[in-house]
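So the chains spell out like this:
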There are 2 protein chains.
Amino acid sequence: AIRYLSKRRQERIRLIGDMLRQEDFDLVLLQEVWSERDYSDLNVKLGGCYPFSHYFRSGVIGSGLCVFSRFPILDTLLYQYSLNGYPYMLQHGDWFCGKSVGLQGRRWHGSQPLLLPCSHQLHAEYCREKDAYLPHRLVQAWELAQFIRHTCKAADVVLLGGDLNMHPEDVGIRLLRGWTGLRDAFAEATHFEGCEDGCTLVPNNCFTDKSELLPFPLGIRIDYILYKAISSFTVKCEELKTTTGAAPGMDVPFSDHEAVMATLHIQRQGQAVGATLTTAEPMLADVVTEARTEVGVGLRAAQQQRYSSGRMALLALLLLLLQAMAALGALAGLDAGQPFPKLSFCLLAFLAIGILLLATGLHLFHTMEVKMLHSTEEQMRMVLRTLQECP
Amino acid sequence: AIRYLSKRRQERIRLIGDMLRQEDFDLVLLQEVWSERDYSDLNVKLGGCYPFSHYFRSGVIGSGLCVFSRFPILDTLLYQYSLNGYPYMLQHGDWFCGKSVGLQGRRWHGSQPLLLPCSHQLHAEYCREKDAYLPHRLVQAWELAQFIRHTCKAADVVLLGGDLNMHPEDVGIRLLRGWTGLRDAFAEATHFEGCEDGCTLVPNNCFTDKSELLPFPLGIRIDYILYKAISSFTVKCEELKTTTGAAPGMDVPFSDHEAVMATLHIQRQGQAVGATLTTAEPMLADVVTEARTEVGVGLRAAQQQRYSSGRMALLALLLLLLQAMAALGALAGLDAGQPFPKLSFCLLAFLAIGILLLATGLHLFHTMEVKMLHSTEEQMRMVLRTLQECP
């Protein structure tokens with residue numbers, strides 16, 4: 001829902017509001033609500049059935065994340081991913097969104113247990129064959145997993161919902177699930193109803209790009225509800241549903257993605273059970289190794305780009321120095337023979353300044369990128385060592 | 001320790017290494033180790049007595065944070081503050097450092113309890129009377145407090161060490177202590193030894209700026225060790241020491257700040273005690289209100305700057321459009337009467353483009369700043385409401 005750009009935005013926001021009011025969920029996580037005014041409109045409309053809500057602000061445009069809840073939101077925290085694409089890829093625009101994960105602590109049914117739902121979105125995949133953003137998405141998946149591990153230690157139930165921009169078998173989602181122990185509601189659901197294979201980006205939807213989905217005639221499943229219970233609780237997914245195309249009685253779907261709705265059964269057990277993290281450890285080690293290899297590939301590409309932009313900045317600086325020397329020479333009357341045409345001299349100087357600024361900016365940006373990729377690779381190495389030492 | 005800039009850097013890094021090896025602490029938190037090579041040198045030297053270490057990478061230059069430990073570091077997480085000064089204030093340079101808080105989980109004496117030390121640095125104060133960075137520092141103090149609250153819920157003991165760039169009575173430190181329940185080792189220490197009043201930035205130090213410390217003849221205390229115990233543990237500060245000027249037998253101090261060293265007595269208690277957070281709540285509400293007012297002042301200033309830069313960008317765009325129209329007119333042969341001198345026309349166009357780019361960049365930056373200040377203000381409002389509802 002981008003203002004002025006998204007088609008039939010206001011109509012769809014209205015439809016979403018109507019549907020949420022009618023369905024009366026316990027908790028609603030929305031993404032890509034880029035306009036704060038849309039959030040305010042929804043808030044006014046839903047105030048009656050969802051008295052508690054929060055909008056997460058970040059980045060230039062915002063995080064687009066918001067939450068509506070029937071139960072009080074006690075506290076919020078926003079973690080912005082350290083890598084999120086490139087500012088100069090304007091057509092992809094991810095960098096400007098400040099993608100992040102929001103966390104809220106919620107009191108649940110008035111009793112002690114805390115429910116900690118998170119909602120977020122990882123970097124979009126624009127080309128599956130030659131996916132330049134894979135290392136960034138892996139860094140985000142890793143940071144998301146670390147964030148959940150560190151913040152949800154004292155939680156009884158952890159819920160994560162969002163467009164993860166990853167297929168179920170992708171390394172990023174295996175890493176996230178393996179390292180946090182989160183379970184996939186679609187795989188665990190007793191009863192399922194909705195698009196075939198649980199797909200959430202389907203070719204039938206009039207807002208999706210048909211050519212992108214050519215290799216996947218059924219569509220793809222990239223929106224998830226993940227959960228786990230710690231300590232003395234159990235969670236079971238009783239039912240999972242997705243919307244299927246157009247809103248009832250309308251010709252327009254709610255969004256370009258299908259919504260995912262889960263009915264979770266949360267039960268307190270008699271005695272506390274030890275925190276059951278992670279899947280089988282040898283498998284986890286394989287996943288972390290695979291992710292680390294991909295991050296390493298991204299690291300080397302970023303190092304190459306840092307080097308290229310640094311060299312470009314240096315060349316522009318040299319050109320400027322040469323020009324300054326020539327100008328000084330002309331002032332001192334040394335090259336009286338054949339003076340430069342002033343206009344092209346001036347244009348060249350401006351060009352050099354422009355390139356110098358741009359290349360320096362790029363160099364700084366790729367330096368940060370290298371640092372973050374390097375840091376993630378090292379964290380993964382540390383985890384692998386721990387996994388191997390204490391199997 | 002900035003390479004090529006800091007005076008007698010290598011000598012001081014060597015002295016610090018010698019001192020750390022000799023003293024044989026359990027845990028060492030270092031800041032402003034900007035060069036990764038310095039960290040590697042220290043790591044080689046200290047490998048024998050501190051077998052576990054970690055260097056936190058972030059930002060363009062790095063976070064400068066590193067940790068040396070006698071006990072295993074299980075896991076790390078880095079949280080970068082969302083606001084950290086302005087990229088165009090080159091002389092202050094904070095923006096480039098990616099200031100952040102690092103978190104490590106540590107196994108302690110081989111037993112169950114986890115020790116979670118954090119180390120970090122908030123934005124420097126360059127002028128106490130007219131402190132333009134106060135709102136940024138408050139946002140950082142708030143984010144730090146929130147980070148500690150959310151990540152340390154399951155920790156038995158929490159330790160925070162670092163140059164907080166705040167005097168003990170400042171609103172930021174009162175907010176941090178009030179909202180996390182952390183206790184100040186200096187105030188709690190049974191025995192103290194070191195600079196008068198525990199000052200860590202003293203006029204005697206040859207690297208400090210004497211004029212800045214004129215209003216404080218004894219110096220100021222801005223480096224802290226804060227701690228708290230949760231669940232069934234107690235922590236007591238038995239001794240606090242600071243270094244006092246030059247290293248023994250040398251003419252050069254270790255750093256521009258005095259080091260702080262604490263001996264903490266950590267004891268497991270018989271029965272679990274409820275998490276004793278925060279100080280008296282009415283006092284806390286006052287502190288949050290005070291901080292929120294300051295953040296609000298910053299918010300209005302940022303909104304003003306966002307508006308000014310937006311207007312400037314618009315004016316530059318208008319100028320460019322006018323020029324384009326004039327050029328088109330000249331091409332169509334409309335103003336045959338008195339053509340512009342080409343050189344100045346060209347210069348003006350480049351100037352307009354330069355201003356447009358700069359003003360747009362500033363506008364985007366201040367938009368982010370407004371978002372983060374607004375978000376912090378709202379979080380504080382939410383907390384205040386909770387504090388008032390359930391006193």
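Residues numbered from 1 in each chain as written. Chains lettered and ligands numbered in written order. Predicted model: local features only at pLDDT ≥ 70, side-chain atom pairs only at ≥ 80, totals over all residues. Heavy atoms only, no water.

Residues and elements named next belong to chain B. One can describe the packing of helix α3 (residues 134-151) onto helix α7 (residues 342-389) by two numbers: an axis separation of 11 Å at closest approach and a directional angle of 55°. If you check the angle between α3 and α7, you find them oblique. Once α3 is placed against α7, the crossing between them reads as left-handed. Here α3 contributes Pro-135, His-136, Val-139, Trp-142, Glu-143 and Gln-146 to the contact with α7, which in turn contributes Glu-369, Met-372, Leu-373, Thr-376, Gln-379, Met-380 and Val-383. Considering only residue class, the contact of α3 with α7 consists of 7 nonpolar, 4 polar and 2 charged. (Axes fitted to C-alpha atoms, helices over the stretch in contact; angles between N-to-C directions. Helix = DSSP H or I, 4+ residues; strand = E, 2+ residues; numbered from the N terminus. Parallel < 35°, antiparallel > 145°, perpendicular 65-115°, else oblique. Left-handed = near helix turned anticlockwise from the far one by under 90°. Contact = heavy atoms within 4.5 Å. Nonpolar A, V, L, I, M, F, W, Y, C, P; charged D, E, K, R; others polar.)

Right, let's get into the packing of aromatic side chains. Residue and element names in this part refer to chain A. Here the structure, examined in full by the defined rule, presents 9 aromatic pairs over all chains. With a centroid separation of 5.7 Å and 10° between ring planes, the pair formed by Trp-142 and Trp-179 is classed as stacked. Taken together, the residues span a long stretch of sequence, with Trp-142 in helix α3 (residues 134-151) and Trp-179 in helix α4 (residues 171-180) at a distance of 37 residues. The same class applies to Trp-142 and to Trp-179, which are both buried. Linked through ring pairs, Tyr-39, Tyr-55 and Phe-68 together constitute an aromatic cluster. The residue whose ring lies beneath Arg-12 is Phe-207, and the NZ or CZ to ring-centre distance is 4.8 Å. (Phe/Tyr/Trp six-rings, centres within 6.5 Å; stacked < 30°, edge-to-face > 60°. Buried < 20%, exposed > 50% of the residue type's maximum accessible area, 1.4 Å probe, protein only. Lys NZ or Arg CZ within 6 Å of the ring centre and 35° of its normal.)

Residues and elements named next belong to chain B. Look at helix α1 (residues 9-23): 21 Å from first C-alpha to last across 15 residues, which is about the 21 Å you get at 1.5 Å a residue. Buried within α1 are the following residues: Arg-9, Arg-12, Ile-13, Leu-15, Ile-16, Gly-17, Met-19 and Leu-20. Residues of α1 that are buried make contact with β1 (27-30), α2 (36-46) and β12 (260-268). In the segment just after α1, Asp-24 is the residue with positive phi, at about 55°. (Expected span 1.5 Å × (residues − 1).)

This paragraph deals with the sheet that holds strand β1 (residues 27-30) of chain A. Residues and elements named next belong to chain A. What the 3 strands build is an open sheet, ordered β1-β3-β2; its pairing is antiparallel. Because the sheet does not close on itself, it has two edges, and the strands there are β1 and β2 (52-55). In this sheet, neighbouring strand axes are inclined to one another by 10° on average, regardless of whether the strands run parallel or antiparallel. In terms of strand pairing, β2 meets strand β3 (residues 66-69) through 4 bridges, oriented antiparallel. Looking at the pairing, Ser-53 lines up with Phe-68 of β3. (Pairing = 2+ DSSP bridges.)

Attention now moves to the interface of chain B and chain A. With 40 residues of chain B at the contact, the number on the chain A side is 41 residues. Interface area, chain B with chain A, both sides summed: about 4,000 Å², of which 66% is carbon and sulfur. Interface area lost by chain B to chain A is led by Arg57(B), His150(B) and Lys371(B), which between them contribute 18%. At the boundary of chain B with chain A, the tally comes to 2 salt bridges. On the surface where chain B and chain A come into contact, there are 2 residue pairs in polar contact (both at pLDDT 80 or more). Broken down by secondary-structure element, the contributors of at least two residues to the side of chain B that touches chain A are β4 (73-80), α3 and α7 of chain B. Among the elements that line the side of chain B that touches chain A, the one with the most residues is α7(B), at 15 residues. Residue classes in the side of chain B that touches chain A are distributed as 20 nonpolar, 12 polar and 8 charged. (Buried area = accessible area lost by both parts, 1.4 Å probe. Salt bridge = Lys/Arg side-chain N within 4 Å of Asp/Glu carboxyl O. Polar contact = N/O pair within 3.5 Å; in protein donor to acceptor, adjacent residues only side chain to side chain.)

Bringing the domain arrangement of chain A into the picture now. Residue and element names in this part refer to chain A. When the domains of chain A are assigned, the result is domain 1 (9-268) and domain 2 (280-330 + 341-389). Both faces considered, domain 1 and domain 2 share a buried interface measuring about 1,700 Å² in area, 78% of it formed by carbon and sulfur atoms. For the pair domain 1 and domain 2, the number of links is 1 salt bridge. Across the pair Arg-174 and Glu-290 runs a salt bridge whose closest N-O atoms are separated by 3.2 Å. Of all elements in the fold, only α3 and α4 reach the threshold of two or more residues within the side of domain 1 that touches domain 2. When residues of the side of domain 1 that touches domain 2 are assigned to their parent elements, the largest contribution, 8 residues, is made by α3. (Domains from an automatic or database assignment.)

Attention now goes to the packing of helix α1 (residues 9-23) of chain A against helix α2 (residues 36-46) of chain A. All names here are of chain A. As a packed pair, α1 and α2 sit with axes 10 Å apart at the nearest point and diverge in direction by 30°. Relative to α2, the element α1 is oriented roughly parallel. Two packed elements cross with a definite hand, and for α1 against α2 that hand is right-handed. Listed contacts from α2 to Arg-9, Ile-13, Arg-14, Gly-17, Asp-18, Leu-20 and Arg-21 of α1 are Asp-38, Leu-42, Lys-45 and Leu-46. Of the residues assigned to the contact of α1 with α2, the class counts are 4 nonpolar, 1 polar and 6 charged.

This part covers the environment of Met261(B). Residues and elements named next belong to chain B. Tracing the backbone shows Met-261 in strand β12. Residue Met-261 is classed as buried on the basis of its relative accessible area of 15%. The spacing of Met-261 and Arg-183 is 78 residues in sequence and 15 Å in space, taken between C-alpha atoms. Not counting chain neighbours up to four residues away, the residues in contact with Met-261 comprise Met-19, Phe-25, Ile-225, Glu-239, Leu-240, Lys-241, Thr-242 and Thr-243.

Below, the discussion takes up the sheet that holds β12(B). By way of backbone hydrogen bonds, the strands of a sheet pair with one another, either parallel or antiparallel. Residues and elements named next belong to chain B. With respect to topology, 3 strands assemble into an open sheet ordered β9-β11-β12, the strand pairing being mixed. Whereas interior strands pair on both sides, the edge strands pair on one side only; in this sheet they are β9 (191-193) and β12. With direction set aside, neighbouring strand axes in the sheet form an average angle of 25°. Bridge count between strand β11 (residues 233-242) and β12: 9 bridges; the pairing is antiparallel.

On to the pattern of salt bridges. Following the criterion strictly, the structure yields 24 salt bridges over all chains and no others. Its salt-bridge partner being Arg8(A), residue Glu11(A) comes within 3.0 Å of it at the nearest N-O pair. Assessed through its relative accessible area of 37%, Arg8(A) is described here as partly exposed. For Glu378(A), the salt bridge is made with Arg57(B), and the minimal N-O distance between the two is 3.4 Å. With one member in each of two chains, Glu378(A) in helix α7 (residues 342-389) and Arg57(B) in the loop between β2 (52-55) and β3 (66-69) form a pair that bridges those chains. Taking relative accessible area as the criterion, Glu378(A) reaches 18% and is therefore assigned buried. Look at Arg57(B) and you get buried, because its relative accessible area is 5%. Because the salt bridges share partners, they merge into one network encompassing Glu36(A), Arg57(A), Glu378(B) and Arg381(B).

Our focus in this paragraph is the environment of Cys152(B). Tracing the sequence through the fold places Cys152(B) in the loop between α3 and β7 (157-163). Sequence-wise, Cys152(B) and Glu188(B) are 36 residues apart; in three dimensions their C-alpha atoms are separated by 21 Å.

Looking now at the relation of the copies chain B and chain A. With an RMSD of 0.1 Å, chain B superimposes on chain A once it is rotated by 180° and translated 0.1 Å along the axis. In symmetry terms, the pair is related by a two-fold rotation axis. When C-alpha distances to the rotation axis are compared across chain B, the minimum falls at Thr151(B), with a value of 2.2 Å. Most of the interface of chain B is mirrored in chain A, where 100% of its interface residues are also at the interface. (Least-squares fit on C-alpha atoms with pLDDT ≥ 70 in both.)

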